[in-house]
Amino acid sequence: MTSFENDRETLRALADDGNERAMDRLADLAEARGDVQELSDLLDEGCLHAGELLTRRAAAAHDLRELQRITDAGYDEAAEVLDRLLTVRPD
């Protein structure tokens, strides 16, 4: 029996048919591999979980431009993180 981690093609087919759980799982697998491009692609397809994962990465790196891109792609919580980073005053 093939594990879901190794059967990306099946997950992709399910995601293409509108299965949000499969899309979230693809995002988790991309995150585990450090595949930012696939996460970005998944966000562009409407996967909010990918947006969450990308937002965490961008926030940790203080990457304001990436946070804006994530916001523009439809993940609203990235705007909140961006706003927080922009309002922090240096010591």
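Residue numbers restart at each chain and count upward from 1, following the sequence in its written direction. Only residues with pLDDT of 70 or above have their local features reported here, since the model is predicted, and side-chain atom pairs are shown and tallied only from 80 upward, although totals for entire chains, interfaces and linings are computed over all residues. Side-chain metrics rest on all non-hydrogen atoms present in the structure, leaving aside hydrogens and water.

Caption draft 1: Highlighting the overall build of the protein. Helical segments are the DSSP runs of H or I of at least four residues, strand segments are the runs of E of at least two, and each set is numbered from the N terminus. The secondary structure content of the protein amounts to six helices and zero strands. Overall, the protein is about 55 × 20 × 15 Å in size when its C-alpha atoms are taken along their principal axes. At a minimum sequence separation of 6, the contacts of the protein that also span at least 24 residues come to 26%. Counting only carbon and sulfur atoms, one obtains 47% of the accessible surface of the protein, whose full area is about 6100 Å². A gap of 4 Å separates the mean positions of the 11 positive and 23 negative side-chain charges of the protein. A contact between two residues is defined here by any heavy atoms of the two lying within 4.5 Å. Reported accessibility uses the Shrake-Rupley method at a 1.4 Å probe radius. Residues are deemed covered only where the shown protein chains occlude them. The positive count covers Lys and Arg only, the negative count covers Asp and Glu only, and His and the chain ends enter neither. The atom standing in for a charge is NZ when the residue is Lys, CZ when it is Arg, CG when it is Asp and CD when it is Glu.

Caption draft 2: Region of interest: helix α1 (residues 8-16). Leu11, Arg12 and Ala15 are the residues of α1 that are buried. Along the axis of α1, the buried residues cluster in a sector spanning 100°; they form a single face. α1 presents Glu9 and Asp16 as exposed residues on the side facing more than 90 degrees away from its buried surface. Check the buried side of α1 and you find it contacts α2 (20-33) and α3 (36-44). Just past α1, the residue glycine 18 takes up positive phi, approximately 100°. Under the scheme applied here, a residue whose accessible area is under 20% of the maximum for its type counts as buried, over 50% as exposed, and between as partly exposed, the area being computed with a 1.4 Å probe on protein chains only. In this context, the arc is that of the directions from the helix axis out to the C-beta atoms.

Caption draft 3: Region of interest: the nonpolar core. Each nonpolar core is a collection of buried residues, namely Ala, Val, Leu, Ile, Met, Phe, Trp, Tyr and Cys, held together in the definition by side-chain atoms within 4.5 Å. The biggest cluster of nonpolar side chains holds 22 residues, and the ones touching the most others in it are Ala27, Leu39, Leu42, Ala50 and Ile70. For this core, the secondary-structure elements that each account for two or more residues are α1, α2, α3, α4 (48-60), α5 (64-72) and α6 (77-87). Here this core gets six residues from one element, more than from any other, and that element is α2. Once residues within four sequence positions are removed from consideration, leucine 42 is found in contact with Arg12, Met23, Leu26, Ala27, Cys47 and Ala50.

Caption draft 4: How the structure looks around the pattern of salt bridges. Each salt bridge in this description consists of a side-chain nitrogen of Lys or Arg and a carboxyl oxygen of Asp or Glu lying within 4 Å of one another. Counted under the stated rule, the structure contains nine salt bridges. Here arginine 69 and glutamate 66 are joined by a salt bridge, their closest N and O atoms 3.3 Å apart. Of this pair, arginine 69 and glutamate 66 both sit in helix α5, separated by three residues, roughly a single helical turn. Arginine 69 gets classed as partly exposed once you look at its relative accessible area, which sits at 28%. Here the salt bridges share partners, and the residues they tie into one network are Arg8, Arg33, Asp35 and Glu38.

Caption draft 5: How the structure looks around the confidence of the model for the protein. On average, residues of the protein score 92 in pLDDT, and 91% of them are at 70 or above. Of all the helices and strands in the protein, α1 carries the lowest mean pLDDT, 93, while α4 carries the highest, 98. pLDDT is a residue-level measure of predictor confidence that goes from 0 to 100.

Caption draft 6: Representation of a negative patch on the surface. Together, Asp76, Glu77, Glu80 and Asp83 make up a region of like negative charge exposed at the surface. Mapped onto the fold, glutamate 80 is located in helix α6. Patches in this entry comprise residues that are over 30% relatively accessible and not in a salt bridge; like charges within 9 Å are linked, as are nonpolar side chains (Val, Leu, Ile, Met, Phe, Trp, Tyr) within 5 Å.

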